[in-house]
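Results of the structural survey
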Amino acid sequence: MKKSIIFLALITFFWSCDEDFLEETPEDFLSSVNAFNNYTDFTASVNNMYFLVRRQFYNRDENRPFDFLYGTDLVFDGEPGGTQRHGNMVQAYDPAGDIATTHWNLLYKNIAEANTVLERAPLADMTDEEKNDIISQARFFRGFAYNILVTLYGGVPIVTDAIIEPKIDFVRNTREEVLNQVIEDLSFAAANLPSIGEAEDGRIHNLIAQHYLGEAYLALGNNTEAIAALSTVINDGNTGLMTERFGTRSGEEPGDVYWDLFRRGNQNRASGNKEALWVIQFEIDVQGGGLQSSSRGGSYAFERHFGPLLRFAPFNSWPVGDYTGGRGIGWGITTEFYTNTVWGGDDSNPDFVNDIRNANHNFVRVFNRDNSSALAIIADEIGRDTVWSTETQPRIREFYAFPTKVTTPYNHPDGLYRSSDVPFALTSSAGGTYTDQYMLRLAETYLLRAEAYLANNQPGLAADDINVVRNRSNASEVSASDVNLDYILDERVRELGLEEKRRLTLMRTNTIYERVIDNNPFYVENGMQPHFNLWPIPADEIEGNRGAELVQNPGYN
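All of these numbers come straight from a predicted model, not from anything done at the bench. (Residues numbered from 1 in each chain as written. Predicted model: local features only at pLDDT ≥ 70, side-chain atom pairs only at ≥ 80, totals over all residues. Heavy atoms only, no water.)

Here we come to the overall build of the protein. Along the protein, the regular secondary structure elements total 20 helices and 8 strands. Within the span of the protein, comprising 557 residues, buried residues form 56% of the whole. In the protein, once contacts between residues fewer than 6 apart in sequence are set aside, the share between residues at least 24 apart is 68%. (Helix = DSSP H or I, 4+ residues; strand = E, 2+ residues; numbered from the N terminus. Buried < 20%, exposed > 50% of the residue type's maximum accessible area, 1.4 Å probe, protein only. Contact = heavy atoms within 4.5 Å.)

Here's what the structure looks like:
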């Protein structure tokens, strides 16, 4: 490439009078002229935007995807001492640190990709239908990325043109300006993307755009518009909460419809799942698919982080792909709040027993011991009455309650089972969660609309939406007088715990500091501060922006 550029420069010098000679289109090497030529070229670029989302939230590495769960009210670091799981919060949110910088870079990479596509697509050799398909997806991903940026960092620089030369004079736009850009992009996407019935599994469609459009309207305080956008999703005839058992393991007991939602093969609409809105695809043993049947490489390390490290007697055989956490290593220990308080405290509360989301096959508290062990223990089952009070026994990474959505009990890929006398014994290569992953499902839309109704002074309608979700789970109904933002955030824990990107919810509602102070003593002891409601602008962005001041968020040096 460099030799070709030098050669053309020499040609220009010696034959500058022959203008026609210089007007050639390169056909045998990649250049800015032919990199975006037709629908196939643009589709490859759009596919990279999907890849960047999966990379950011699921499989960039073993730690960064979980920045959206650590440092919240759900879990704490089972192996503290560093910043990887936010154990030292001041260091973790250092402006020069990896956490703030990694996510900033990934989000702006998606924006840059979208801007290039949006600039070149109108001039490309494509039909109007193809151009609309490409542009609507690019507009979605740009709006989606700015929505995450404004949630994590506040007002950020808005860039809507492809940058083709160095630029060092960025300035921050206001939060309101960024949210208005989000609304502009997502409104276009919602109007032009295919319907959910037309889109193949994993592909962006109009209802996904409508959901995030509703979220942006709510963040701006435009509650009526938020309700309208979210109602479009809920009222669509192709969507609905799953209320009957379905999918690959629907005949198994114990089990229920909530359990079915998280079993392998059940996430996409092809399985009959009408609740799934946006599902991140993890094809197994397909190049670029993200999963290998014989290792956790490229997978979402959900099981590894949040499954307990049950390798002590009487659980002598570890790891085992049953209800003991698979190849979990106990990095993300559930808080007392997530384990007990949010469910009603103990089994004297009817909801603690009746809510199917809290059943032992969905949230394991009772573990069967290995009866071959010679070590005598109190009972054949260790469970909620003997372990889970932090007043009587501190939480350790080897042993704690966990939700089974983080693993695939009795259903890991065949290549991860080792031949031994222990049924379902796993190799050391396990640790991923070998399912497609929900980025968004309809239960979250109901709870977001409940939040919008509450903000719009309509608590009765907010309660109605919450009760749609609670009724599916056999939980008692909430009354309008008991609905407030804290209740909605609690219900999101019960329904979406470890599944939603909890940090984004708490930062969006400006509640992360209060929720951590109230519910997660570990992070209180390890430096939680009020200004952590926003992450810092990365230091290298500020230092490199020599032509203008890129103002740092308050509280950071």
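Okay, back to it.
Summarising the element assignment, Ser45 is placed in helix α3 (residues 39-59). When its relative accessible area of 4% is taken as the criterion, Ser45 is described as buried. At a separation of 2.4 Å, a polar atom in the side chain of Ser45 contacts the side chain of Glu113. Every residue in contact with Ser45, bar those within four places of it in the chain, is listed here: Phe36, Glu113 and Val117. (Polar contact = N/O pair within 3.5 Å; in protein donor to acceptor, adjacent residues only side chain to side chain.)

If you look at the biggest cluster of nonpolar residues, it comprises 137 residues, and the most contacted ones within it are Phe140 and Trp278. With 13 residues, helix α6 (residues 128-153) is the largest single contributor of residues to this core. Beyond its immediate sequence surroundings of up to four residues, Phe140 is in contact with Leu186, Ala189, Leu193, Ile204, Ile208, Ala209, Tyr212 and Trp278. Formed by 10 residues, the second largest nonpolar core is a distinct cluster that contains Phe246, Val257, Tyr258 and Val279. (Core = buried A, V, L, I, M, F, W, Y, C linked by side-chain atoms within 4.5 Å.)

Before going further, it helps to examine the confidence of the model for the protein. Should the pLDDT be low somewhere, the predicted coordinates at that spot are not to be read in detail. A residue-level look at the protein finds 88% of positions with pLDDT of 70 or above and a mean pLDDT of 89. By mean pLDDT, helix α1 (residues 2-14) is the weakest element of the protein at 32, and helix α14 (residues 442-455) is the strongest at 99. This stretch, residues 1-33, has a pLDDT under 50; its non-local contacts, to residues over four places away or in other chains, come to 15 contacts. (pLDDT = per-residue confidence, 0-100.)

Bringing the packing of helix α5 (residues 98-120) against α6 into the picture now. Interhelical geometry of α5 versus α6 gives an angle of 155 degrees and a closest axis separation of 9 Å. Accordingly, the angle class assigned to the pair α5 and α6 is roughly antiparallel. Both α5 and α6 take part in a crossing whose hand is left-handed. Taking contact as the criterion, the partners of Ala100, His103, Trp104, Leu107, Tyr108, Asn110, Ile111, Ala114, Asn115, Val117 and Leu118 in α5 are, on α6, Ile134, Ile135, Ala138, Arg139, Phe141, Arg142, Ala145, Tyr146, Ile148, Leu149, Leu152 and Tyr153. Each residue belonging to the contact of α5 with α6 can be placed in one class, and the counts come to 18 nonpolar, 3 polar and 2 charged. (Axes fitted to C-alpha atoms, helices over the stretch in contact; angles between N-to-C directions. Parallel < 35°, antiparallel > 145°, perpendicular 65-115°, else oblique. Left-handed = near helix turned anticlockwise from the far one by under 90°. Nonpolar A, V, L, I, M, F, W, Y, C, P; charged D, E, K, R; others polar.)

Examined against the element boundaries, Pro95 turns out to sit in the loop between α4 (89-92) and α5. On the basis of relative accessibility, which here comes to 10%, the residue Pro95 falls in the buried class. Note: C-alpha distance between Pro95 and Asn557 (462 residues apart in sequence) is 7.6 Å. Apart from residues lying up to four places away in sequence, Pro95 is in contact with Thr101, Pro536, Ile537, Pro538, Ala539, Gln552, Tyr556 and Asn557.

Scanning all chains against the criterion turns up 39 salt bridges. Between Arg139 and Glu184 there is a salt bridge; the shortest N-O distance is 3.8 Å. Of the two residues, Arg139 sits in helix α6 while Glu184 sits in helix α7 (residues 175-192), which places them 45 residues apart along the sequence. With relative accessibility at 14%, the residue Arg139 sits in the buried group. A relative accessible area of 47% places Glu184 in the partly exposed class. Residue Arg449 is joined to Asp465 by a salt bridge in which the shortest nitrogen-to-oxygen separation is 2.7 Å. With Arg449 in helix α14 and Asp465 in helix α15 (residues 459-472), this pair connects stretches of sequence that are 16 residues apart. (Salt bridge = Lys/Arg side-chain N within 4 Å of Asp/Glu carboxyl O.)

Counting buried residues along strand β8 (residues 437-441), 5 of its 5 residues qualify, which places the element largely inside the surrounding structure. By the bridge criterion, 4 bridges tie strand β2 (residues 276-280) to β8 in an arrangement that is antiparallel. In the sheet register, Ala276 faces β8, and the bridge partner there is Arg441. (Pairing = 2+ DSSP bridges.)

The next subject is helix α8 (residues 206-220). Its 15 residues give α8 an end-to-end C-alpha distance of 21 Å, which sits within 8% of 21 Å, the value for a rise of 1.5 Å per residue. Of all 15 residues in α8, 13 are buried; the element is thus mostly enclosed. Once α8 ends, the next one or two residues include Gly221, with phi positive near 85 degrees. (Expected span 1.5 Å × (residues − 1).)

Within the secondary structure layout, Glu495 lies in helix α16 (residues 485-496). The class of Glu495 is buried, set by a relative accessible area of 0%. Apart from residues no more than four positions distant in its own chain, Glu495 is found in contact with Tyr258, Glu275, Arg357, Lys405, Arg441, Ala443, Leu447, Val469, Arg472 and Ser473.

Before going further, it helps to examine unusual backbone geometry. In this model, Glu253 is joined to Pro254 through a cis peptide bond whose omega is 0 degrees. Examined against the element boundaries, Pro254 turns out to sit in the loop between α9 (223-235) and α10 (257-260). Of note, the bond from Trp318 into Pro319 is cis; its omega dihedral lies within 30 degrees of zero at 0 degrees. One can find Pro319 in the loop between α11 (302-306) and β3 (332-334). The phi torsion at Tyr410 lies on the positive side, around 60 degrees, for a residue other than glycine. For Tyr410, the location among the structural elements is in the loop between β7 (402-403) and β8. The class of Tyr410 is partly exposed, set by a relative accessible area of 37%.

Here we come to the packing of α3 against α6. The interhelical angle for the contact between α3 and α6, taken along N-to-C directions, is 25 degrees, at an axis separation of 10 Å. Classified by the angle their axes make, α3 and α6 are roughly parallel. For the pair α3 and α6, the sense of crossing is left-handed. For the pair α3 and α6, contact is made by Tyr39, Phe42, Thr43, Val46, Met49, Tyr50, Val53 and Phe57 and by Glu130, Asp133, Ile134, Gln137, Ala138, Phe141, Phe144 and Ile148, respectively. Classifying every residue of the contact of α3 with α6 gives 12 nonpolar, 2 polar and 2 charged.

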